[in-house]
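Here are the chains, one letter per residue:
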Amino acid sequence: MIEFMDVHKAYRLRGVRKVILDGLSLKLPPDKNVAILGQNGAGKSTVMRLIAGAELPDRGRIKRNAKVSWPLGFSGGFNGQMTGMENIRFVARMYGEDTEEIIDFVQDFSELGASLKLPVSTYSSGMKARLAFGVSMAIDFTYYLIDEITAVGDTRFRRKCDEVFENKLVHSRVIMISHGIGTIRKFCDAGCVLDNGRLTLYDDVEDAIRQHEENQAV
C-alpha cells in the first residue's frame, strides 16, 4: 500500500512559488493500476518521484508498505561516471538481489552488449532507457512506476518490452504517467487527476480521463 499523509510539496522558481501538493492525504488502491493525469507543468513527475522516494516532501509523510521501483522514464538514478555494468551491480546490491542473475537478465534484455562496459554518461537517451527498463524488469517490484515510457527502440524491441512488462503486471501493480490516453486505458483501472495542488482519486479510470479532459478545456 502507498499512502500520502498530509503531504506538502512546492518549488520556488524565479520568485514564484509553485505548489505541487497542498496537504494531500490519500491511499492508493492496492488492487488497481493507477494513472496520474494532469496538464503540462502540474507536477506529475514530481509526484512520481515522491512516491519513489527520489524526492522528499516539504512536510508530511509517504508510507510505502511495498517494494516500489524508480520511475522507468527517469534515468537520473544512474551514476554517469560508472559503467552500465557497475550501475547494474549497485542496484542489485541495493535491493538485495542476486547480482549475477540481475546482470544476466539485463545483458540479455537490454541488448547493449559491450556498451555496458562504458560510462553511462556516454549513453544516448535510448541506451539509458534500455538500461533503466532492463534493470527494472530484472527485479520483482510490487509497484512499477512508469513515467512516459513503456518501451524503446525498434518494433521488435518494443514487442519484447511489452511482453515482459505485461508478464510482470500479472503479479504487480503499475502507477503510470502518459500523455497517450490509449496507453492509460490499456494498463490502468483507476486514475488520479493533479490540478492546482490537489490530487483527486477516481476509482474508474474513465472518470479520471473525463475530468482531466475537462480541466484541459478550461
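Structure: see above.
The structure contained in this document is the topic of the report that follows. (Residues numbered from 1 in each chain as written. Predicted model: local features only at pLDDT ≥ 70, side-chain atom pairs only at ≥ 80, totals over all residues. Heavy atoms only, no water.)

**Description of the overall build of the protein**
Move 1: A tally of regular secondary structure across the protein gives 7 helices and 8 strands.
Move 2: At 18 Å, the protein has a C-alpha radius of gyration in line with the 17 Å of a compact globule built from 218 residues.
Move 3: Seen through its C-alpha atoms, the protein measures out along the principal axes to roughly 50 × 35 × 30 Å.
Move 4: When contacts within the protein are restricted to residue pairs at least 6 apart in sequence, those whose partners lie at least 24 apart make up 66%.
Move 5: Of the roughly 10800 Å² of accessible surface on the protein, 46% is carried by carbon and sulfur atoms.
Move 6: Each charge class in the protein can be summarised by its mean position, and for the 29 positive and 29 negative side chains these summaries are 6 Å apart. (Helix = DSSP H or I, 4+ residues; strand = E, 2+ residues; numbered from the N terminus. Rg over C-alpha atoms; globule rule 2.2 N^0.38 Å. Contact = heavy atoms within 4.5 Å. Areas by Shrake-Rupley, 256 points an atom, 1.4 Å probe, with all protein chains shown as cover. Lys, Arg positive; Asp, Glu negative; His and termini not counted. Charge placed at Lys NZ, Arg CZ, Asp CG, Glu CD.)

**Regarding the sheet that holds strand 8 (residues 198–202)**
Move 1: An order of 5-6-3-7-8 is seen for the 5 strands of this open sheet, with the pairing classed as mixed. Strand pairing shows two members of the sheet lacking a second neighbour, strand 5 (143–147) and strand 8, which therefore form its edges. Pairs of neighbouring strands in the sheet enclose a mean axial angle of 20°, with direction left out of account.
Move 2: Bridge count between strand 7 (residues 190–195) and strand 8: 5 bridges; the pairing is antiparallel. (Pairing = 2+ DSSP bridges. Axes fitted to C-alpha atoms, helices over the stretch in contact; angles between N-to-C directions.)

**Things to note about a negative patch on the surface**
Move 1: Taken together, the side chains of D98, E101, D104 and D108 make up a negatively charged region of the molecular surface.
Move 2: E101 gets classed as exposed once you look at its relative accessible area, which sits at 57%. (Patch = residues over 30% accessible without salt bridge, like charges linked within 9 Å, V, L, I, M, F, W, Y side chains within 5 Å. Salt bridge = Lys/Arg side-chain N within 4 Å of Asp/Glu carboxyl O. Buried < 20%, exposed > 50% of the residue type's maximum accessible area, 1.4 Å probe, protein only.)

**Considerations on the environment of K44**
Move 1: Structurally, K44 is set in helix 1 (residues 44–52).
Move 2: Sequence separation between K44 and V193 is 149 residues, and the spatial gap between their C-alpha atoms is 9.1 Å.
Move 3: Those residues in contact with K44 that lie beyond four places of it in its chain are I36, L37, G38, Q39, I177, H179 and L194.
Move 4: At a separation of 3.3 Å, a polar atom in the side chain of K44 contacts the main-chain carbonyl oxygen of Q39. (Polar contact = N/O pair within 3.5 Å; in protein donor to acceptor, adjacent residues only side chain to side chain.)

**Considering the nonpolar core**
Move 1: Core analysis: the largest hydrophobic core is formed by 41 residues, its most contacted members being I88, L131, F133, F165 and I184.
Move 2: In terms of residues, this core owes the most to one element, helix 4 (residues 125–138), which gives 6 residues.
Move 3: In contact with I184, other than residues within four places in its own chain, are A35, L37, M176, S178, V205 and I209.
Move 4: Of all hydrophobic cores here, the second largest spans 25 residues; its members include I2, L21, L26 and L28. (Core = buried A, V, L, I, M, F, W, Y, C linked by side-chain atoms within 4.5 Å.)

**Let's talk about the packing of aromatic side chains**
Move 1: What the rule picks out here adds up to 8 aromatic pairs.
Move 2: With centroids separated by 6.4 Å and ring planes inclined at 55°, the aromatic side chains of F133 and F165 adopt a geometry described as tilted. Of this pair, F133 sits in helix 4 while F165 sits in helix 5 (residues 155–168), placing them 32 residues apart in sequence.
Move 3: According to the relative accessible area criterion, F133 is buried, its value standing at 2%. (Phe/Tyr/Trp six-rings, centres within 6.5 Å; stacked < 30°, edge-to-face > 60°.)

**Observations concerning the environment of D6**
Move 1: With respect to the secondary-structure elements, D6 resides in strand 1 (residues 2–13).
Move 2: D6 sits in the partly exposed class, given a relative accessible area of 41%.
Move 3: Along the sequence, D6 and G60 sit 54 residues apart, while their C-alpha atoms lie 4.9 Å from each other.
Move 4: Among all residues touching D6, those that are not within four sequence positions of it are G23, L24, S25, R59 and G60.

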